[in-house]
Amino acid sequence: MTKTFTPLASALALAAVMAASSAHADATSFDGFYGGLAISSVGLDPNFSASSISNAVGYDLFAGYNHALDSNWVVGGELSFGASGGHNVSGGATIVDLENMMTISARAGYVFDNTMIYGRLGYQTGDLSISTSAITPDLDGAVFGLGVEHMFTDTLSGRIELSRSVLDLSGTGVPAGAELDRTALSIGVAFHF
């Protein structure tokens with residue numbers, strides 16, 4: 001008995017080949033250098049004050065490198081610089097700003113259909129500017145987050161990320177053990193080279 005090769009069988013075979021090859025192409029689409037901009041809503045929670053601090057708009061300029069380990073897994077490193085300003089402290093006229101925020105972090109993600117779900121772990125440092133004080137404490141500590149990034153074209157991606165930093169304060173006049181928790185929900189675009 002001879003088997004016939006129908007158009008439906010041809011289409012199914014072609015779809016299977018394309019699916020197998022596109023799985024690898026999806027991960028490699030994130031491979032290489034990239035840079036971009038993210039805008040975020042930043043919340044601050046101090047452990048050294050009963051006052052609450054309002055959310056404010058922040059930004060980050062970032063650059064990094066991704067490496068596709070296989071057809072689905074990507075690892076990489078990223079460096080960013082940013083700030084957030086105009087955080088109002090309740091119960092007074094004090095405004096605080098986060099300035100010179102530098103972050104170095106590693107990312108690892110799983111890619112499917114040109115979309116990557118990733119985690120981030122790294123180190124963050126910066127300055128805390130207080131409008132009613134000459135003290136400008138230094139900040140530093142761990143940052144971690146989860147995000148989703150999608151490749152819209154071969155060179156353009158968009159991402160949404162939720163990150164959290166646990167920052168120790170240091171400097172003259174800073175209470176011992178002072179910490180500031182920073183939570184940021186960001187949306188960004190990246191250009192891939």
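Computed from a predicted structure; not experimentally measured.

In this section: the overall build of the protein chain. For the protein chain, the count of helices and strands is 1 helix and 8 strands. When each of the 193 residues of the protein chain is scored for burial, the buried share is 37%. Long-range contacts, defined here as pairs at least 24 residues apart, represent 60% of the contacts in the protein chain between residues at least 6 apart.

Two side chains that carry opposite charge are able to pair once their charged atoms sit near each other. This structure, assessed with the given rule, holds 6 salt bridges. Of the charged contacts, one joins E78 and R120 as a salt bridge, the two residues approaching to 3.2 Å between their closest N and O atoms. One end of the pair, E78, is in strand 3 (residues 73-88); the other, R120, is in strand 5 (residues 115-130), with 42 residues separating them in the sequence. An identical accessibility class is assigned to E78 and R120; each is buried.

This brings us to the sheet that holds strand 5. A barrel is described by the order of its strands in space; here 8 strands give the closed sequence 1-2-3-4-5-6-7-8, paired in antiparallel fashion. Taking each pair of neighbouring strands and ignoring which way they run, the sheet shows an average axis angle of 25 degrees. As judged from the 14 bridges shared by strand 6 (residues 138-151) and strand 7 (residues 156-170), these two strands associate in the antiparallel manner. Across the sheet, H150 pairs through a bridge with G158, a residue of strand 7.

For the protein chain, the mean per-residue pLDDT works out to 87, and 87% of the residues sit at or above 70. This stretch, residues 1-5, has a pLDDT under 50; its non-local contacts, to residues over four places away or in other chains, come to 1 contact. Across residues 7-24 the pLDDT falls below 50, and counting only partners more than four positions away or on other chains, this stretch makes 4 contacts in the model.

This part covers the pairing of strand 2 (residues 56-68). The alternating pattern of strand 2 places A56, G58, D60, F62, G64, N66 and A68 on a buried face and V57, Y59, L61, A63, Y65 and H67 on a face that is not buried. In terms of strand pairing, strand 1 (residues 32-46) meets strand 2 through 11 bridges, oriented antiparallel. By the bridge assignment, Y34 is partnered in strand 2 with G64. With 11 bridges connecting them, strand 2 and strand 3 associate as antiparallel partners. Opposite G64, over in strand 3, you have E78 as the bridge partner. With antiparallel pairing between neighbouring strands as the criterion, strand 2 and strand 3 make up a hairpin whose turn holds 4 residues.

Here is what the cut-offs are and how they apply
Residues numbered from 1 in each chain as written. Predicted model: local features only at pLDDT ≥ 70, side-chain atom pairs only at ≥ 80, totals over all residues. Heavy atoms only, no water. Helix = DSSP H or I, 4+ residues; strand = E, 2+ residues; numbered from the N terminus. Buried < 20%, exposed > 50% of the residue type's maximum accessible area, 1.4 Å probe, protein only. Contact = heavy atoms within 4.5 Å. Salt bridge = Lys/Arg side-chain N within 4 Å of Asp/Glu carboxyl O. Pairing = 2+ DSSP bridges. Axes fitted to C-alpha atoms, helices over the stretch in contact; angles between N-to-C directions. pLDDT = per-residue confidence, 0-100.

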